[in-house]
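Spelled out from the first residue to the last, the chains are:
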Amino acid sequence: MRWITLLLLAGLLVVQTGTVAAAPPQNDLLIARVMELTNLERQKAGLEPLALSPELSGAAQEYSQVLASTGCFEHTCGAVPNFADRAGQAGYTGWTALAENIAAGYPSAEAVVSGWMNSPGHRANILSPKYTEIGVGMVDGGGKFGTYWAEEFGARPGGSAPGEAPTDVTADDGGSGG
């Protein structure tokens, strides 16, 4: 069953909308695995799983490429330095909460999710009940650190958690790791 879920998630990542290119096929399973591991961490905390958002996936994939190609490792890199604007350009609009995790140098899905879970800010984003949707991007073989990851979290009306706070935007980077 797990492999079917991974294959379905990988297939969904390939049909992203907008002008952003999908991750190369060899990265699709790694991206699906990050989503699976993130949702497992949420399940352990008694939280609902995050749903795949093609728009957030597009924003995450595009930003992973920016990180890999520019030598910049911040939440403010590239031509669109605000991650809320990047999400909007990818078609993710009407959101009530939004957050971003980035990381570099982690060679596997397990390593990057473990790194994020060992960082208070990233852990808070992953385990926040206010987020209902996720997108993950990954670029392998570029820049100073080799592998770049982005995880975008969001919530929109209709898919938001009950009692959600008003508009909230947070950003946290994953540092570099090996």
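None of these values were measured; they are calculated from a predicted model.

Let's talk about the overall build of the chain
Scanning the chain from terminus to terminus reveals six helices and five strands. In the chain, the order of α-helices and β-strands from amino to carboxyl end is α-α-β-α-α-β-α-α-β-β-β. When each of the 178 residues of the chain is scored for burial, the buried share is 50%. For the chain, long-range pairs separated by at least 24 residues make up 73% of all intrachain contacts whose partners lie at least 6 apart in sequence. Of the roughly 8000 Å² of accessible surface on the chain, a fraction of 58% belongs to carbon and sulfur atoms.

Comments concerning the nonpolar core
Membership of the largest hydrophobic core comes to 25 residues, with the highest contact counts inside it found for Val34, Val112, Trp116, Trp149 and Phe153. Secondary-structure elements contributing two or more residues to this core are α2 (25-44), β2 (97-104), α5 (109-117), β3 (133-142) and β4 (146-155). With five residues, α5 is the single largest residue contributor to this core. When residues no more than four places from it in sequence are discounted, the contact partners of Val34 are Ala109, Val112, Val113, Trp116, Val136, Trp149 and Glu151. Among the nonpolar cores identified, the runner-up in size contains 12 residues, and Val66, Leu67, Phe73 and Ala104 belong to it.

Looking at the confidence of the model for the chain
Looking at the chain as a whole, its pLDDT mean stands at 81, while 74% of the residues score no less than 70. Overall, residues 1-21 carries pLDDT values under 50, and its contacts beyond four positions in sequence, including any with other chains, amount to 34 contacts.

Remarks on the pairing of β4
Taking burial as the measure, the 10 residues of β4 include nine buried ones, the bulk of the element. As judged from the eight bridges shared by β2 and β4, these two strands associate in the antiparallel manner. Residue pairing across strands places Ile102 opposite Ala150, the latter belonging to β4. Sheet topology places β3 next to β4; nine bridges connect them, and they run antiparallel. Paired with Gly135 across the two strands is Glu152, which belongs to β4. The antiparallel hairpin formed by β3 and β4 contains three residues in its connecting segment, where Gly143 sits at a positive phi of about 60 degrees.

Considerations on the pattern of salt bridges
All told, the structure shown has six salt bridges when counted by the stated rule. Its salt-bridge partner being Glu110, residue Arg33 comes within 2.7 Å of it at the nearest N-O pair. Of this pair, Arg33 sits in helix α2 while Glu110 sits in helix α5, and the two are 77 residues apart along the sequence. Under the relative-accessibility criterion, Arg33 is labelled buried at 16%. Overlapping salt bridges bring together Arg33, Glu36 and Glu110 as one network.

Points about the side chain of Arg86
Inspection of the secondary structure assignment puts Arg86 in helix α4 (residues 83-89). Judged by relative accessible area, Arg86 falls into the buried class, the value being 9%. Side-chain polar atoms of Arg86 contact the side chain of Glu100, separated by 2.9 Å. In this structure Arg86 touches Ala59, Tyr63, His75, Cys77, Val80, Pro81 and Glu100, once residues within four positions along its chain are discounted.

Cut-offs applied
- Numbering of residues starts from 1 in every chain and runs along the sequence as written.
- Only residues with pLDDT of at least 70 are given local features in this predicted model, and only at 80 or more are side-chain atom pairs given and counted; all residues enter the totals for whole chains, interfaces and linings.
- Water and hydrogen atoms play no part in the side-chain values, which are based on all heavy atoms of the structure.
- Under the scheme used here, helices are H or I runs from DSSP no shorter than 4 residues and strands are E runs no shorter than 2 residues, and both carry numbers assigned from the N terminus.
- Each residue is assigned to one of three classes by its accessible area relative to the maximum for its type, calculated with a 1.4 Å probe on protein chains only: buried under 20%, partly exposed between the two thresholds, exposed over 50%.
- Note on contacts: a residue pair qualifies if any of its non-hydrogen atoms lie within 4.5 Å across the two residues.
- Shrake-Rupley sampling with a 1.4 Å probe provides the accessible areas, and residues are treated as covered by the protein chains on show and by no other component.
- In this text, buried Ala, Val, Leu, Ile, Met, Phe, Trp, Tyr and Cys residues form a nonpolar core when linked through side-chain atoms within 4.5 Å.
- pLDDT expresses, on a scale from 0 to 100, how confident the predictor is about each individual residue.
- Pairs of strands are assigned from DSSP output, requiring at least two bridges between the strands.
- Every case where a carboxyl oxygen of Asp or Glu lies within 4 Å of a side-chain nitrogen of Lys or Arg is listed as a salt bridge.
- Any pair of N or O atoms that falls within 3.5 Å is considered a polar contact. Within protein, one atom must be able to donate a hydrogen and the other to accept it, and sequence-neighbouring residues count only if both atoms are side-chain atoms.

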